[in-house]
Amino acid sequence: MTELLRRNLENRELTRGAGKVSAFISIALGILAILAALCFLFPNLLTTPEFRPLYNAHLLRQLLILGIAIGFISGVISAFRNLNRRWGLSGMLLNALAALLASGQIEPVYHGRSVYAGLDYFVLTLLIAALIFIPMERFFAKYQEQKLLRTGWVTDLKYFMFSHIGLQLISFFTIIPAQIMFNRWLNPTWQQLVSSQPLVLQFIEILIVVDFFSYWIHRSMHKVPRLWRIHAVHHSSHHMDWLAASRVHVIEIITNRFIGYIPLLFMGFSPAATYAYLVFISFHAIFIHANVRFRFPGFRWVLATPEFHHWHHSSEKEALDINFAAFLPVYDVIFKTAHMPAHLPTRYGTTAETKVPEGFVGQFLYPLKRRKRKKKL
Ligand SMILES: [Zn+2]
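Since we're looking at a predicted model, the values are computed, not measured.

Calculation criteria
- Residue positions are given per chain, counted from 1 along the sequence in the order it is written.
- At least 70 in pLDDT is required for a residue's local features to be given in this predicted model, at least 80 for side-chain atom pairs to be given and counted, and no such filter applies to totals for whole chains, interfaces and linings, which use all residues.
- Neither water nor hydrogens contribute to the side-chain values; these are computed over all heavy atoms in the structure.
- Water is absent from the atoms considered, so a metal site may look incomplete; donors are defined as N, O and S atoms within 2.8 Å of the metal, or 3.2 Å for Na, K and Ca.
- Strands are runs of DSSP state E lasting at least 2 residues, helices are runs of H or I lasting at least 4, and numbering of each runs from the N terminus.
- By convention a nonpolar core is built from buried Ala, Val, Leu, Ile, Met, Phe, Trp, Tyr and Cys residues, the set being connected through side-chain atoms within 4.5 Å.
- Buried residues are those whose accessible area, probed at 1.4 Å on protein chains only, stays under 20% of the maximum for their type, while exposed residues exceed 50% and partly exposed ones sit between those limits.
- Any two residues whose heavy atoms approach within 4.5 Å are treated as being in contact.
- The axes are straight lines fitted to the C-alpha atoms, using for helices just the contacting stretch, and the angles between their N-to-C directions are given from 0 to 180°.
- Under this scheme an angle from 65 to 115 degrees is roughly perpendicular, one under 35 degrees roughly parallel, and one over 145 degrees roughly antiparallel; angles in between are oblique.
- By the definition used in this description, the sense in which the near helix is turned from the far one sets the handedness, with an anticlockwise turn below a right angle giving left-handed and a clockwise turn giving right-handed.
- Amino acids outside the nonpolar list (Ala, Val, Leu, Ile, Met, Phe, Trp, Tyr, Cys, Pro) and the charged list (Asp, Glu, Lys, Arg) are all regarded as polar, and Gly is one of them.

1. Observations concerning the coordination of the zinc ion
Inference 1: Only His 218 (NE2), His 222 (NE2), His 231 (NE2), His 235 (NE2) and His 312 (NE2) from the protein coordinate the zinc ion, and they sit 2.0 to 2.2 Å from it.
Inference 2: Here the donor residues of the zinc ion are spaced in sequence according to H-x3-H-x8-H-x3-H-x76-H. Residue His 235 is found in helix H12 (residues 225-235), and its partner His 312 is found in helix H15 (residues 306-313); the two are separated by 77 residues along the sequence.

Take a look at the structure:
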């Protein structure tokens, strides 16, 4: 996508009653429906093997048809209401194409495949997250004036897409090396003991153990200059919302997953507890970045809330290098990095000394570039 097109798509106001909201719904559903139809057509190439047994193909197809119908009708509404009819017509066209692709599909036949793209994971997560968080941010907005299509949303969507479609690639660089490196030190008796505990207990234990590790990884990312250049990408968004959570450099994703996986591997938690934790923490991470005004009095120091994490993203002087915990603020209290005053932060992003580029490619290259040394005068 060219820089010009990106700028054209960003910072747009979706005013109600002008056919813009319906055009947005139509185009978004059209694109997602095309991707979903492709998953039905090429299941072995585009879907995640671990999720396939969980799918009810018949139900998913009904949902796909429903999505196409809503998308097409939204396009029609937009074409009638908006003076600029091309957005509504584009949405109608995308949904018509999705219907064409979906019409020829048969029941997906799965067979093992070593290389795949997690397109199903991307489509489903984006759809669920958008359905939960867009209305939530609309009705409970902390910053009422913030637009849905604010500056940087295209860049963040690319991050969302990469981290979901490239799940296999990320696992390849995290789970497999960890298993190879630590396999000989694992204790099967201990693992059996841990995995036989009730699921809820295992889930709580994972939260406590992994959060301790992630606290120190996160704190190091802020304190070590080379690591900060990687993590600064995540802090570069000037707006907090559900999509801003996805802006994480690939090196950070791999580092976090690799180090975070080590305690899971050693402890030997059951796969069900591990998957439950991964799903929960993914949605929790989106929630704490969301533009919502919930403050959860009574829980402010028990669980990481949007208020707690928004302070971590603030670029105000009082808020630098605080609130590192992902889920349990108690670690910040113990290690003296907690900060949550009564007033709200007013500024987000990095400080003037850290200048992270705007686009996806520029941000990918940012930590890899050598820093120019300041000449001594
Ligand atoms: Zn941070």
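Following the structure, the description resumes.
2. What to know about the nonpolar core
Buried together is how nonpolar side chains tend to be arranged in soluble globular proteins.
Inference 1: Ranked by internal contacts, the top residues of the largest apolar core, which has 33 residues, are Leu 64, Leu 119, Phe 122, Val 123, Phe 133 and Trp 242.
Inference 2: Elements with a minimum of two residues in this core: helix H2 (20-41), helix H4 (57-81), helix H5 (86-103), helix H6 (119-139), helix H7 (153-165) and helix H14 (271-289).
Inference 3: Excluding residues within four positions of it along the chain, Phe 122 makes contact with Leu 35, Phe 160, Met 161, His 164 and Ile 165.
Inference 4: Phe 182, Tyr 215, Phe 308 and Ile 322 belong to the second-largest nonpolar core, a separate cluster that totals 28 residues.

3. Some points on the packing of H6 against H7
The relative placement of two packed helices is expressed as an angle between their axes plus a distance between the axes.
Inference 1: At a minimum axis distance of 7 Å, the contact between H6 and H7 shows a crossing angle of 135 degrees. In terms of orientation, H6 lies oblique with respect to H7. Classified by chirality, the crossing of H7 by H6 is right-handed. Contacts between H6 and H7 involve Leu 119, Tyr 121, Phe 122, Thr 125 and Leu 126 from the first element and Leu 157, Phe 160, Met 161, His 164 and Ile 165 from the second.
Inference 2: Partitioning the contact of H6 with H7 into residue classes produces 8 nonpolar, 2 polar and no charged.

4. Looking at unusual backbone geometry
Inference 1: A positive phi angle is found at Asn 323, which is not glycine, with a value near 50 degrees.
Inference 2: Positionally, Asn 323 belongs in the loop between H15 and helix H16 (330-334).

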